[in-house]
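Take a look at the letters that make up each chain.
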Amino acid sequence: MSRLEAKKPPLFISEPLTKDTVCQSLLLLSRIFKSSYGPAGRLKQLHNGVGGCVCTTSQSSALLRHLSVSSPVLRVLTASVQNHVSRCSDCGLFTAILCCSLIENFRSLNVAPCTVIKITKNLLSLCTDYLKSEACGCRVSVDFSSVETLVCLVRSVLTSKPACMLNKTEVEHLTTLVLKAFLFTVPCHVETNAVLGKCVIIPVKGRRVMDSTVLPGLLIETPEIQLGKPLAVKRTGSSMIKIALFCASMSGDSFSPEEGTIAVRHGTSLEMSELNQLLNVGKQLVHDGVGLVVCQKVIHPALKQYLKENHVMAVDRAGLSLMEPLSRMTGSKPVASIHSLSPGCYGSLKDVSIERVASKHFVHLIPGDTVICSLILCNRSETAWDELKRVCETAEHVLQLTMKEPLALLGGGCTETHLASYIRYKSSSLSTSTFQDLGCSQTQYQLVADGFCRSLESVARSLNHDGGEILTDMVYGHCWFVPSGLPSVSNWSDVVSKCGCGINGNTEDLSWRILEGQSCSPVIQGCPKEPSVKVTDFLTLDCFAAKCSGLQVALETANLVLDLSYVIEDQN
């Protein structure tokens, strides 16, 4: 078939970072990320042009999912950040802000991109080596025999998203619940290849946050169950409840016209044949001593009645999402066909009860060994609940990552400013052989290192949304926030009380400098020190694994964007 119109040639865009449209889009994207960052971040309302739900958030995962980015260059950036968030859940805005700042600072340097890339790889190596060393002054060890540091980690995640609309009491309540839910998922008996369990979030919207709770086991919503009626469930000799789990439909309509033509004898009823098969399955379940039947789909009313008469509890419409945790919790193997039922497919439960949450009724399946739990999560509005669900999932993932690598980094901008201070100190004392190996001059190295440090400091500055001054001390290299509306003073000790992470007070004789955006900052005399105190009740902490990953992703993505010489777009 011939074309209706001539094929258009592809569009070649050379040096995309020199184009005004790309630079303006990058600046706008950077402003969106920066204005959303931290506990005081400004909320964004996102909706499409044809209606639909409105998303109110300051979370990177939600922002990137709803933002439409047309520039190929920026799509590289957003895709990298989304990939980081899918792996780590946390530090998405940190990664995005740092990446945007690195691109902005490096593209204005009179240094070839290939040289910038070589130097930044060396700077990244210095950062990661320092962060993983025992001498690191912005790192905190996490002791799982005590909950103090874990509480700080969870609290820091919960307070970072203002759209959750939480007060202090609610934050503390949810912090305890999230930590309790996580501890439920840790196996009691450690094996060679121990696997963490799962926390299932049960949505309850329109209720107080303080009504939220954690229960061991799983909850399955069952509207037809009546509260207060005793449960007559058959038990085994060891007082356990034998459970059968079906992922196949038990409604009696398993024959589907789409699957082909079925030949039957004259006078034979398919429905009765299927129902008889279901009742035979019911008889087999009763004979095998099963006390509970859970079906992913629908159970035929006649089978339900038969099971009930034989003291077997039947729960249907459990849903696909509960199949995997149900199987793991009970040890049962989901039955995929009612025509194949083997004795080895059954599992066991400790108990079954009925729970009422708000106006909903649930069957509560209680296991003998708890690695699966249910977090009943309440919030006053749907918007606040959606944000809170994402935050609780992030907090759980942060705890999982911390269990693999029991470390945390100081939050509140202190890791960024401390790391910038360390890099300035380290880059000023490099040997001549380092510059020769990198194929650059000392001046070029210092220019790139300064741009890198200013990018780190721009992340810390992004935490301030009220116009106050931001300081860094000359001893520890930590970040300090001056309340807005105060006049500039010569003695900053009179207006600051604690650094951003909360580990340092102004009791010492510290000297400060103001963090400026583009001015060349003085090099700190000597390496920034490690704080003498490493644990307080209200530290602001960041996930070590997520932040280290974010640092690497931001730098590598910035290098990739800087190295782009051409963008080729198909116009057809």
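As a convention, each chain's residues are numbered from 1 in the sequence order in which they are written. Given that this is a predicted model, residues contribute local features only at a pLDDT of at least 70 and side-chain atom pairs are listed and counted only at 80 or more, while totals for whole chains, interfaces and linings are drawn from all residues. Excluding hydrogens and water, the side-chain values take into account all heavy atoms of the structure.

**Q** How should I be thinking about the sheet that holds strand E13 (residues 360–366) in this particular structure?
**A** Strand pairs in the sheet, formed through backbone hydrogen bonds, run parallel or antiparallel to each other. Here, any two strands with at least 2 DSSP bridges between them count as paired. Strands are runs of DSSP state E lasting at least two residues, helices are runs of H or I lasting at least four, and both sets are numbered from the N terminus onward. Across the sheet, which stays open at both edges, the three strands sit in the order E7-E13-E12 with antiparallel pairing between neighbours. Unpaired on one side and paired on the other, strand E7 (218–221) and strand E12 (351–357) mark the two borders of the sheet. Adjacent strand axes in the sheet meet at a mean angle of 30 degrees when their direction is disregarded. As judged from the four bridges shared by E7 and E13, these two strands associate in the antiparallel manner. Bridging from a neighbouring strand, Leu218 pairs with Leu365 of E13. Set on the sheet, helix H10 (residues 323–330) makes contact with E7 and E13; between it and E7 the angle comes to about 135 degrees. Axes, fitted as lines to C-alpha atoms, cover a helix only where it is in contact. Angles between the N-to-C directions of the axes lie from 0 to 180 degrees. Note on definitions: a residue-residue contact is assigned when non-hydrogen atoms from the two residues lie within 4.5 Å.

**Q** So what exactly am I meant to see when it comes to the environment of Leu401 here?
**A** In this structure, Leu401 sits in helix H11 (residues 382–404). Expressed as a C-alpha distance, the spacing of Leu401 and Ala545, which sit 144 residues apart in the sequence, is 6.6 Å. If near-sequence neighbours (up to four positions away) are discounted, Leu401 is found in contact with Cys88, Cys543 and Ala545.

**Q** Would you mind showing me how to read the packing of aromatic side chains here?
**A** When we look at a pair of aromatic rings, we describe it by the centre distance and by the angle of the planes. Think of it this way: a Phe, Tyr or Trp ring, Trp meaning its six-membered ring, pairs with another when their centres are within 6.5 Å, and the plane angle makes it stacked under 30 degrees, edge-to-face over 60, tilted otherwise. Applying the stated criterion to the full structure yields three aromatic pairs. Plain terms: the ring middles of Tyr130 and Tyr422 are 3.8 Å apart, the flat faces sit at 10 degrees to each other, and that makes the pair stacked. With a gap of 292 residues between them, Tyr130 in helix H5 (residues 113–131) and Tyr422 in helix H12 (residues 414–427) connect regions that are remote in the sequence. Like Tyr130, the residue Tyr422 is buried in the burial classification. A positively charged side chain is recorded as over a ring if its NZ (Lys) or CZ (Arg) lies within 6 Å of the ring centre. The angle to the ring normal must also be within 35 degrees. A cation sits over an aromatic face here: Lys168 above Phe538, 5.7 Å from the ring centre. Note on classification: 1.4 Å probe, protein chains only; a residue is buried when its accessible area is under 20% of the maximum for its type, exposed when over 50%, partly exposed between these limits.

**Q** Is there a simple way to think about a nonpolar patch on the surface in this case?
**A** Note that patches include only residues with greater than 30% relative accessible area and no salt bridge, and the join distances are 9 Å for like charges and 5 Å for nonpolar side chains (Val, Leu, Ile, Met, Phe, Trp, Tyr). Methods summary: accessible areas were calculated by the Shrake-Rupley approach with a probe of 1.4 Å, and residue burial reflects only the protein chains presented. When a carboxyl oxygen of Asp or Glu lies within 4 Å of a side-chain nitrogen of Lys or Arg, that pair is called a salt bridge. Residues Phe12, Tyr566 and Ile568 make up a contiguous nonpolar surface patch of roughly 370 Å² in combined accessible area. With respect to the element layout, Phe12 can be found in strand E1 (residues 11–14). Phe12 sits in the exposed class, given a relative accessible area of 52%.

**Q** Looking at this structure, how should I read the domain arrangement of the protein?
**A** Put simply, an interface is often sized by how much accessible area is lost when its parts join up. The domain limits used here are those given by an automatic or database domain assignment. Looking at the assigned domains, one finds that the protein contains domain 1 (11–138 + 410–569), domain 2 (143–217 + 376–405) and domain 3 (219–255 + 267–369). Measuring from the centre of the C-alpha atoms in domain 2 to the corresponding centre in domain 3 gives 30 Å. The partner domain 3 presents 16 residues to the 15 residues of domain 2 that form the contact. Buried area between domain 2 and domain 3, summed over both chains or domains, comes out near 1100 Å², and the portion from carbon and sulfur atoms is 68%. Summed over the shared surface of domain 2 and domain 3, the result is zero salt bridges. For any pair of parts, buried area is found by adding up, for both, the accessible area (1.4 Å probe) each one loses once the two are put together.

**Q** Quick question: what am I supposed to make of the nonpolar core here?
**A** In globular proteins that are soluble, nonpolar side chains generally tend to be buried together. For our purposes a nonpolar core is just a set of buried Ala, Val, Leu, Ile, Met, Phe, Trp, Tyr and Cys residues, chained together by side-chain atoms within 4.5 Å. Judged by nonpolar contacts, the single largest core of 120 residues is most densely connected at Phe33, Leu77, Leu123, Leu131, Tyr445, Phe452 and Leu551. Sort the elements by how many residues they give to this core and helix H4 (residues 92–107) lands first, with 10 residues. If we skip the residues at most four places from it in the chain, Phe33 touches Leu64, Leu77, Leu93, Ala96, Ile97 and Cys100. Membership of the second largest hydrophobic core comes to 31 residues, among which are Ile220, Ile243, Val315 and Leu326.

**Q** When you look at the sheet that holds strand E16 (residues 470–473) in this model, what are you seeing that I'm missing?
**A** Taken together, three strands build an open sheet; the order of strands is E17-E16-E18 and the sheet is antiparallel. Across the chains shown, the open sheet's two edge strands, defined by having one partner strand only, are strand E17 (479–481) and strand E18 (512–514). Each strand of the sheet is rotated relative to its neighbour by a mean of 35 degrees, with strand direction disregarded. Two strands pair when backbone bridges link them, and E16 and E17 are joined in this way by three bridges, in the antiparallel orientation. By the bridge assignment for E17, Thr472 is matched with Cys479.

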